[in-house]
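Residue-level structure breakdown
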Amino acid sequence: MSPADAKSVEARCVRLASKAENAAALAPVVERLTLKRGPNDLLIEVKAAAVNPSDVKAATGLMPYAVFPRTPGRDYAGVVIEGPAGTVGREVFGSSGDLGIRRDGTHASHLVVEADAVVEKPKTVSWEEAAGIGVPFVTAMEGFRRAGVPKSGETVLVMGVNGKVGQAAVQIATWQGARVIGVVRKAEAYEGHSNAPVEVIDASAIDVATRVRELTGGKGADIVFNTVGDPYFQAAHKSLALRGRQILIAAVDRIVQFNILEFYRGQHTYVGIDTLGLSSAATGAVLRDLGPGFASGHLKPFLIKASAVYPLERAKEAYVAVAGSSRDRVILKP
């Protein structure tokens, strides 16, 4: 029986039986499960899958809606081996807010996902690179979709510019013609791809808001993409231009001091982004917005180091690496 005729497949899947105290206590095992697709689903042979911090957080009980037992994983790239007419053989990639958390995910040899969730893999991008696009680029793009996509002439301030979401935000903003200023917590240059020079502010050595005002002729930033949260909340607030927008995606301590007067006098907008709230299909729609950027080379996938690629049997090592705030994009390869 050819793959196109198969109605089900026996998949090798990483399984988490129950929540763990921490990443070191995780005990993933690889099991064989029969996967079946519904009439509007695709059965995908997974070529590569990324490991995200949210995968590890869900495994350690930080997301109460996470189900057990389950197969983790939100990001993937692979080949359609069964699906509606015209889909078999397509090379695709994708991501999701519910895959791997509320239902079985991508850390497996095969995956069942809705047909409208997948995006064509650019020919110039490897399997590992395509698998690594997902969550960081979706988070960055959804932030800009909600806050207003940056335009030529606008200034975007990215807090935590060398994180993966920070780098994705830089790529998208400079693709759209905006000027980007990045913030780091120690002396280092911007490490990612960009379509224009990125001015970097070392927050340990200089007052961020003062420097942003200097660089913008007193105006401030039209958009602040705050990938860190409360540690940069005041600096972000003080850096905003009139009618500026701050995008928030993370927190260390949940409670901050908030000056309501400055907020409304500045006519500011605050936008909260949680990609875990996006279905697979909604995530696919965000990724499709990015397709032209990858096709034109204005957007580039993250560099994947050979040392950051693990087989399914070494999933625990991959999870521990991500929990240890490795800056590498960590990939599982079935």
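Here is a short report on the structure shown in this document. (Residues numbered from 1 in each chain as written. Predicted model: local features only at pLDDT ≥ 70, side-chain atom pairs only at ≥ 80, totals over all residues. Heavy atoms only, no water.)

1. A word on the side chain of D202
Relative to the elements of secondary structure, D202 occurs in strand β10 (residues 198–202). Look at D202: it is buried, it has no salt bridge, and the nearest opposite charge is R185 at 9.0 Å. At 3.3 Å, the side chain of D202 and the backbone nitrogen of A187 are in polar contact. At 2.6 Å, the side chain of D202 forms a polar contact with the side chain of S204. When near neighbours in sequence (up to four residues on either side) are disregarded, D202 contacts V184, R185, K186 and A187. (Helix = DSSP H or I, 4+ residues; strand = E, 2+ residues; numbered from the N terminus. Buried < 20%, exposed > 50% of the residue type's maximum accessible area, 1.4 Å probe, protein only. Lys, Arg positive; Asp, Glu negative; His and termini not counted. Salt bridge = Lys/Arg side-chain N within 4 Å of Asp/Glu carboxyl O. Polar contact = N/O pair within 3.5 Å; in protein donor to acceptor, adjacent residues only side chain to side chain. Contact = heavy atoms within 4.5 Å.)

2. A closer look at helix α9 (residues 315–323)
The set of residues buried in α9 consists of A315, A318, Y319, A321 and V322. Projected down its long axis, α9 carries its buried residues within an arc of 160°, all on one side. In this structure, the buried side of α9 is in contact with β1 (8–15), β3 (41–51), α1 (53–59), β14 (309–311) and β15 (330–333). (Arc of directions from axis to C-beta.)

3. Thoughts on the side chain of T155
Looking at the secondary structure, you find T155 in strand β8 (residues 155–159). You can call T155 buried: its relative accessible area is 8%. In contact with T155, not counting residues within four places along its chain, are R179, I181, T216, G220, A221, D222 and I223.

4. Considering the packing of helix α3 (residues 134–147) against helix α4 (residues 164–175)
In contact at an axis separation of 8 Å, α3 and α4 are set at 55° when each is read in the N-to-C sense. Here α3 lies oblique to α4, going by the angle between them. Here α3 and α4 pass one another in a crossing that is right-handed. Residues P136, F137, T139, A140, M141 and F144 of α3 form the contact with α4, whose participating residues are K164, V165, A168, A169, Q171, I172 and A173. In terms of residue class, the contact of α3 with α4 is made up of 10 nonpolar, 2 polar and 1 charged. (Axes fitted to C-alpha atoms, helices over the stretch in contact; angles between N-to-C directions. Parallel < 35°, antiparallel > 145°, perpendicular 65-115°, else oblique. Left-handed = near helix turned anticlockwise from the far one by under 90°. Nonpolar A, V, L, I, M, F, W, Y, C, P; charged D, E, K, R; others polar.)

5. Considerations on a nonpolar patch on the surface
A cluster of nonpolar side chains, namely V256, F258, I260, L261 and Y264, defines an oily patch on the protein surface of about 460 Å² accessible area. On the secondary structure map, V256 appears in the loop between β12 (240–248) and α7 (260–265). Owing to a relative accessible area of 33%, V256 belongs among the partly exposed residues under this scheme. (Patch = residues over 30% accessible without salt bridge, like charges linked within 9 Å, V, L, I, M, F, W, Y side chains within 5 Å. Areas by Shrake-Rupley, 256 points an atom, 1.4 Å probe, with all protein chains shown as cover.)

6. A look at the pattern of salt bridges
Within this structure, the stated rule accounts for 23 salt bridges. Notably, a salt bridge pairs E154 with R245, separated by 3.2 Å at the nearest N-O pair. Placement of the pair is E154 in the loop between α3 and β8 and R245 in strand β12, with a sequence separation of 91 residues. When sorted by exposure, E154 lands in the same class as R245, which is buried. For the salt bridge of R314 with E317, the shortest nitrogen-to-oxygen distance reads 2.9 Å. Overall, R314 belongs to the partly exposed group, its relative accessible area being 36%. Its relative accessible area of 39% is what places E317 among the partly exposed residues.

7. Focus on the sheet that holds strand β11 (residues 221–226)
One open sheet accounts for 6 strands, arranged β10-β9-β8-β11-β12-β13; its pairing is parallel. Each end of this open sheet is capped by a strand with a single partner; those strands are β10 and β13 (269–272). Across this sheet, the average inter-strand angle for adjacent strands is 20°, counted without regard to direction. Sheet topology places β11 next to β12; 5 bridges connect them, and they run parallel. Counterpart to A221 in the pairing with β12 is L240. Against the sheet, α3 contacts β8, β11, β12 and β13, and its axis sits at roughly 145° relative to β11. The strands touched by helix α5 (residues 208–215) are β8, β9 (179–184), β10, β11 and β12; relative to β10, the strand with the most contacts, the crossing angle is about 150°. (Pairing = 2+ DSSP bridges.)

8. What to know about the nonpolar core
Counting residues in hydrophobic clusters, the biggest one holds 45 residues, and the most contacted among them are F137, F144, V156, V158, I172, F225 and L290. Ignoring anything within four residues of it in the chain, the contact list for L290 reads F137, M141, I172, W175 and L299. L16, V51, A318 and V322 belong to the second largest nonpolar core, which has 17 residues in total. (Core = buried A, V, L, I, M, F, W, Y, C linked by side-chain atoms within 4.5 Å.)

9. Some words on the pairing of β1
Here β1 lies mainly inside the structure; 6 of its 8 residues are buried. Of the pairings in the sheet, the one linking β1 to strand β2 (residues 29–36) comprises 8 bridges and is antiparallel in character. Bridge assignment links S8 to a residue of β2, and that residue is K36.

10. What about the packing of aromatic side chains?
Within the structure shown, the criterion is met by 8 aromatic pairs. Geometrically, the ring pair formed by F144 and F225 is edge-to-face, given 5.4 Å between the ring centres and 80° between the ring planes. Of the two residues, F144 is situated in helix α3 and F225 in strand β11; the sequence distance between them amounts to 81 residues. Under the relative-accessibility criterion, F225 is labelled buried at 0%. Pairing F263 with Y270 gives two aromatic rings, centres 5.3 Å apart and planes at 70°, and the pair type is edge-to-face. Classification of F263 by relative accessible area gives partly exposed; the value is 23%. (Phe/Tyr/Trp six-rings, centres within 6.5 Å; stacked < 30°, edge-to-face > 60°.)

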